[in-house]
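# Breakdown of the fold
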Amino acid sequence: MTMTKGKKNLTTFLFFAIAVLMTPLFLAGNYLLNVLVFVGINTMLAIALNLLLGFAGQISLGHAAFFGLGAYISGILTTRYAVDPWFAMMLSAISVGGLAFIIGFPILKLKGHYLAMATLGFGIIMYIFFNETVALTGGPSGMSEIPNLLVGPLIFDSDMKNYFLIWGFTLFIMLLSINLSDSRIGRALRSIHDSEVAARVMGVNVRFLKVQIFSISALISAIAGSLYAHTMTFVSPASFGFNFSIELVTMVIIGGLGSIYGSFLGAAILTMLPEFLRVFQDFDIVIYGLLLILMTMFMPGGLMSGIRWLASAVSSGLRKEPD
Amino acid sequence: MEYSRQLIQYALSGLSNGAIYALIGFGFSIIYNATGIINFAQGEFVMLGGMLTIFFLTFMNMPLIPAAILAIAAATAVGITFERFAIRPLRKATPLNLVIITIGGSILIRGVAMLIWGKDTHALPSFSGNDPLYLAGATLLPQHLWIFAITLVAIIASRLFFNYSIVGKAMRACSYNRRAASLVGIDVRKMVLLSFTISSAMGSMAGIIIAPLTMTSYDVGIMLGLKGFCAAIIGGMSTGIGMVIGGLLLGILESLGAGLVSASYKDAIAFIILLVILFVRPQGIFNTSETERV
Amino acid sequence: MLRLEGITKVFGGLIALEEVSFSVEDGTITGIIGPNGAGKTTLFNIVSGIYPQNSGNVYLGGKNISRFAPEKLARLGLVRTFQNVELFGQMTVLENVMVGLHTKSKSGILSCAFKLPGHIREEKYIRERGLQWLEFTGMVELAEVTAGNLPFGKGRLLEIARALALEPRMILMDEPAAGLNSHETIRLAALIRRIRESGVTVVLVEHDMDLVMDVCDAVVVLDLGRKLAEGTPREIQENTAVITAYLGES
């Protein structure tokens, strides 16, 4: 049974990865490719948040801050100090992960609404910092001329190349997360979500595990931030505010807490919808609010649970066919 | 001399902001004590107070006082609706779901406000003009006096209510022990509804009296709500003098920090204080209740 | 195996436990009984590290475990079940038991994420052991059922299976028979005996007197936070102080 389940996960992932990697072949020169680059970045962010929110059940309303920190640290190191972009990304990821590790201990002692408020406060502090520390970050007008990433002669400066760059990272993170989900640590995280006290009684070091997953989540978000900075070559505080943190939470909720593919779905929907429905932009906040309420009330497993239900209904319906 | 005059100025503006934070914090405490949850949407009621008043004032051409009263009534109606539809059905939800739904609710209110009134900032005229007064070497606007006066009245009224009226005592009973309260015949659900009513009324009132000093727009709710929450935390979620001190303390620290350290980081100061308190002493400095879940 | 010395616990103005002392012998089944509010669950919470006592000490196998956190106690072989069954509702029955094997395994985050060979081997082991424990408690057919959907009696059984997976020296059961019908209670009694036979010491808090008198080797009676009596089930049944305390109860 074990082999079949593990193999099934791997096969599904391979199908998904192939689909993702083949898509650009049909979309060369299409604006959609640019949108899909952002879907890739948002998927990475949504998965990072899902590890914390979906698996461990800890709410964070300030995750845009880690995204922003990653972007700004990479931006500052590469524009001001001429640090190699890959090295800068590594430094950025480690320092943001380290920061999250340190503040993780006090912050994750809090639960529920208190944790929500604390992460919200942290997110806003970072946003204010991005906006006001003009000497370092360029303030509200942002920071520009961030160099593209390059590997030897290959410079990532077009939509097509960025697509493969971003999705390469995102698929890798997806695979690791899928592996983690069905493992000892994955179960330990989900046990924290369902009953912290029972998890502790079973020997799970709840406090430490929460901090670990918090810092990994921050680290991944920072990497997404670095990739974002080098892809856009420009960053400004507006992308890293409270609204985006809420958008990330909504992506995870829509897709389904704890579902990695669900995070992709949520990210895809919330990234592409504003592109296709300009009207969406005016209504976006209302829609996020409604989605959060309605999904949590009526479809707590997110769209993925709906899809799974549909799939099993269809397959059992098909099986009943021969009469 | 100049320096001490500046300090007094900072202290004074800090006190007036602090009074607002205390009012908002009261809203958090009242609901927390009655239901055990933090009403994430509290800040939005503050926003609604100011925005609705401006709406009634400009579009319906009402004079200030009726506009304000109608705004408070409307905001309270939203609060009651929120309790009915978002809170009451959630008795059985997991804690995480409860958090997410209340966050969703607050965002919904903010989103609808944005749809109706756009993203512009609006100004509410001061209650009694803008001629500055001079007190102990510092400049005071009449609006500051209104803030102190109204906050004082609100606090005295709340003390009287909770300590001397039957309904107020019933609410306190609920906060100490829901089960026991319902066993002696107190309608706990009504108390919960009442707590939301009082909180949204107080919150919207706070929004109205601060609006003439700081512009108001659809998203002031987040900052004010968070700062009010900070005041509530410092005050240990009490509905008494602890809350007042919590608010005033926050206001003064924020103002002094902004004046002496840096003005642009003013908001960050309040939130850093919030994080420090949550990390070090989440039960607040003026903790009143002592509950233990067995 | 377990020794309590002078355990006192005060909540605000309420004295929940006062100078409670008793011992539990290795490999026995001990029942803790008493009227409601006697402090039984408080005692369990203190022994299992949920919160600390105000004074007094708890010894496990001679070692002072006062104030040890539940995680630490798990590694020392102490486990408990809960009155309000604390299952991992969103996980399957088998996965619940697999969490019980957390202390019997050690793959970390990196090992799991990168699916290193050590992790793969361990997963196989955890899964097989998990199924074995489900067999022991007679729940194998329910392995893939979502725990939250289980009927109440099965949920209780699952909690016990999960706790046993930890391979404890001692298991504390908080009202295991609550909400079970007489048929399920008989099977529970048989299971408890099988647990004792496998070498695990059992301490249970119970209201079901038939179960206690049937299954326990020793009984401790608490009333209003104090130890009222201690002895064999027979001795307790004939103890006048106990009878008075339970006036009106079965």
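Residues numbered from 1 in each chain as written. Chains lettered and ligands numbered in written order. Predicted model: local features only at pLDDT ≥ 70, side-chain atom pairs only at ≥ 80, totals over all residues.

### Looking at the sheet that holds strand 1 (residues 2–11) of chain C
Residue and element names in this part refer to chain C. The strand order across the open sheet built from 4 strands is 2-1-4-5, with neighbouring strands paired in antiparallel fashion. Each edge of the open sheet is held by one strand with a lone partner, namely strand 2 (14–24) and strand 5 (63–64). Direction of pairing for strand 1 relative to strand 2: antiparallel, over a ladder of 7 bridges. Looking across to strand 2, one finds that V10 is bridged to I15. (Pairing = 2+ DSSP bridges. Helix = DSSP H or I, 4+ residues; strand = E, 2+ residues; numbered from the N terminus.)

### Concerning the nonpolar core
Ranked by internal contacts, the top residues of the largest apolar core, which has 266 residues, are L292 of chain A, C230 of chain B together with A161 of chain C. For C230 of chain B, the residues in contact, after removing those within four places along its chain, are L250, A270, I273 and L274 of chain B. (Core = buried A, V, L, I, M, F, W, Y, C linked by C-beta atoms within 7 Å. Buried ≥ 20, exposed ≤ 12 C-beta atoms within 10 Å, placed from the backbone. Contact = placed C-beta atoms within 7 Å.)

### Description of the interface of chain A and chain C
Reports of interface size often rely on the accessible area that becomes lost once the parts have come together. Contacts between the two partners involve 24 residues from chain A and, on the opposite side, 37 residues from chain C. Here the side of chain A that touches chain C gets 8 residues from one element, more than from any other, and that element is helix 8 (residues 184–194) of chain A. The class makeup of the residues in the side of chain A that touches chain C is 10 nonpolar, 9 polar and 5 charged. (Nonpolar A, V, L, I, M, F, W, Y, C, P; charged D, E, K, R; others polar.)

### Observations concerning helix 6 (residues 166–176) of chain B
Residue and element names in this part refer to chain B. When helix 6 is considered as a whole, its buried residues turn out to be M171, C174 and S175. Within helix 6, the buried residues cover an arc of 100° as seen down the axis, which keeps them to one side. Those residues of helix 6 that are exposed and angled more than 90 degrees off the buried face are I166 and Y176. Where helix 6 is buried, its residues touch helix 1 (2–35), helix 5 (142–164), helix 7 (178–183) and helix 8 (188–210). (Arc of directions from axis to C-beta.)

### Let's talk about the environment of L257 of chain A
Residue and element names in this part refer to chain A. With respect to the element layout, L257 can be found in the loop between helix 11 (242–255) and helix 12 (260–276). Among the residues examined, L257 registers 26 C-beta atoms within 10 Å and is labelled buried. Separated by 204 residues in sequence, L257 and L53 place their C-alpha atoms 7.0 Å apart. With sequence-adjacent residues up to four places away left out, L257 is seen in contact with L53, G54, V252 and G302.

Treat this as a map of the structure, not an account of what it does.
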